[in-house]
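# Observations on the model geometry
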There are 2 protein chains.
Amino acid sequence: MKYGIAVFPSKKLQDIANSYRKRYDTKYAKVPPHLTLKDPFEMEEEKASELVTHLRKVAEQSVPFTLGVYKYSSFYPVTNTIYMKVRENAELTSLHEKLNSGTLEKKLEHAFVPHITIGQEMNYDELSDVIGRLELETINHEETIDRFSLLYQLENGTWTVYETFLLGKNDQ
Amino acid sequence: MKYGIAVFPSKKLQDIANSYRKRYDTKYAKVPPHLTLKDPFEMEEEKASELVTHLRKVAEQSVPFTLGVYKYSSFYPVTNTIYMKVRENAELTSLHEKLNSGTLEKKLEHAFVPHITIGQEMNYDELSDVIGRLELETINHEETIDRFSLLYQLENGTWTVYETFLLGKNDQ
């Protein structure tokens, strides 16, 4: 099965992201707006409970973090993706590291650039036009994130949440 | 905000449900296949933490249950919905009652018929045709459910999982 780990921001931020995703994101209907903490990976379903135990420990040993979106940006020319850029901070970086090291280690294909995708697989002209307009827009949104989610992918490509993990709680 | 409480069955059962939902369910892209434990309800976002505390207690005081699908059925003529019929059992009934009584009480619009919807808002001819065929099919699926999820609805009608609750665990 394919699993992934992500953070779902507030409804407010998800609604803003979806206003763009509806037009520009080919995966709009597959998963709600999110910040990926661990790229999709294959794992046998039988190993899920071991993973969950590990993720609970990671969550306990982590702390809530500030998710600050401060501008729109693009991964072009690596991929034709546009996104909300999320401000890096020690708590988020540390959480990402824990979710991609030890038993969860996997060669990362790219540096961690925290973001919320709002468009992908766009043709160049559209991407260029949209990002040109978005770069002129002001966005300054901050919220506290106190949880992350383990998801798995169904055959139709959509994602279902398996479990949520609260950051810094040992009494959840 | 609009909230709801549901159970997501195994990937296997969700994939089977989606094979029908893709063609017959107008809400296919809004939420993964699920068994509704509490119908959508309005609640101020500020009250979410109070609700979560209550749901943790309900989950702790409940136990995992067997989700058994044993036939296909329809709510016609009340609604043009077809579904996988889920066998009632004491644990499931008790959980449903706890999620719809006390502070969570709300006049139920219908008796609790545990089910997984696979088609809705169908025209009569199609419903009649599909249910006629499904009633001839054999389905006999059983699995253990050890969690439920609290979800909220985004502006575009899709649902995001806010938190999962493990049944019968007081050390989660």
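Structure first, text after, so check above.
The structure displayed is predicted, hence computed values, not measured ones.

As a further point, take the relation of the copies chain B and chain A. For the pair chain B and chain A, the best superposition has an RMSD of 0.0 Å and corresponds to a rotation of 180° with a translation of 0.0 Å parallel to the axis. The superposition operator between the copies reduces to a two-fold rotation axis. The overlap is high: 100% of the interface residues of chain B also sit at the interface in chain A, so the same surface is used on both sides.

Residue and element names in this part refer to chain A. Backbone torsion omega between Tyr76 and Pro77 reads 10°, so that peptide bond is classified as cis. With respect to the helices and strands, Pro77 occurs in the loop between strand 3 (65–74) and strand 4 (82–86). Phi at Glu121 is positive, roughly 55°, even though this residue is not glycine. Classification of Glu121 as exposed rests on a relative accessible area of 59%.

Residues and elements named next belong to chain A. Checked against the element boundaries, Glu142 lands in strand 6 (residues 141–145). What makes Glu142 exposed here is its relative accessible area of 55%. Sequence separation between Glu142 and Val86 is 56 residues, and the spatial gap between their C-alpha atoms is 9.5 Å. With residues near it in sequence (within four places) discarded, Glu142 still touches Thr66, Leu67, Gly68 and Arg87.

For the rest of this paragraph, the subject is the pattern of salt bridges. A complete count under the given rule lists 16 salt bridges over all chains for this structure. Between Glu163(A) and Arg147(B) there is a salt bridge, and its shortest N-O distance comes to 2.8 Å. Linking Glu163(A) in strand 8 (residues 159–166) with Arg147(B) in strand 7 (residues 147–153), this pair reaches from one chain into another. Comparing Glu163(A) with Arg147(B) shows no difference in burial state: the two are buried. In this structure, Arg87(B) and Glu142(B) form a salt bridge, with 3.8 Å as the shortest nitrogen-oxygen distance. Of this pair, Arg87(B) sits in the loop between strand 4 (82–86) and helix 3 (90–98) while Glu142(B) sits in strand 6 (residues 141–145), and the two are 55 residues apart along the sequence. Using a relative accessible area of 37% as the deciding quantity, one classes Arg87(B) as partly exposed.

Across the boundary between the two partners, chain B contributes 28 residues, which contact 29 residues of chain A. Between chain B and chain A lies a buried interface of about 2300 Å² when both sides are counted; carbon and sulfur atoms form 50% of it. At the junction of chain B and chain A, the tally comes to 4 salt bridges. Along the contact surface separating chain B from chain A lie 17 residue pairs in polar contact (both at pLDDT 80 or more). Elements supplying a minimum of two residues to the side of chain B that touches chain A: helix 1 (11–24), strand 7 and strand 8 (159–166) of chain B. If one sorts the elements of the side of chain B that touches chain A by residue count, strand 8 of chain B sits on top with 7 residues. The residue inventory of the side of chain B that touches chain A, partitioned by class, reads 13 nonpolar, 9 polar and 6 charged.

Residue and element names in this part refer to chain B. If you check which residues of helix 3 are buried, you get Leu92, Leu95 and His96. Taken around the axis of helix 3, the buried residues stretch over an arc of 100°, which confines them to a single face. On its buried side, helix 3 packs onto strand 2 (35–42), helix 2 (48–60), strand 3 (65–74), strand 4 and strand 7.

Calculation notes
Residues numbered from 1 in each chain as written. Chains lettered and ligands numbered in written order. Predicted model: local features only at pLDDT ≥ 70, side-chain atom pairs only at ≥ 80, totals over all residues. Heavy atoms only, no water. Least-squares fit on C-alpha atoms with pLDDT ≥ 70 in both. Contact = heavy atoms within 4.5 Å. Helix = DSSP H or I, 4+ residues; strand = E, 2+ residues; numbered from the N terminus. Buried < 20%, exposed > 50% of the residue type's maximum accessible area, 1.4 Å probe, protein only. Salt bridge = Lys/Arg side-chain N within 4 Å of Asp/Glu carboxyl O. Buried area = accessible area lost by both parts, 1.4 Å probe. Polar contact = N/O pair within 3.5 Å; in protein donor to acceptor, adjacent residues only side chain to side chain. Nonpolar A, V, L, I, M, F, W, Y, C, P; charged D, E, K, R; others polar. Arc of directions from axis to C-beta.

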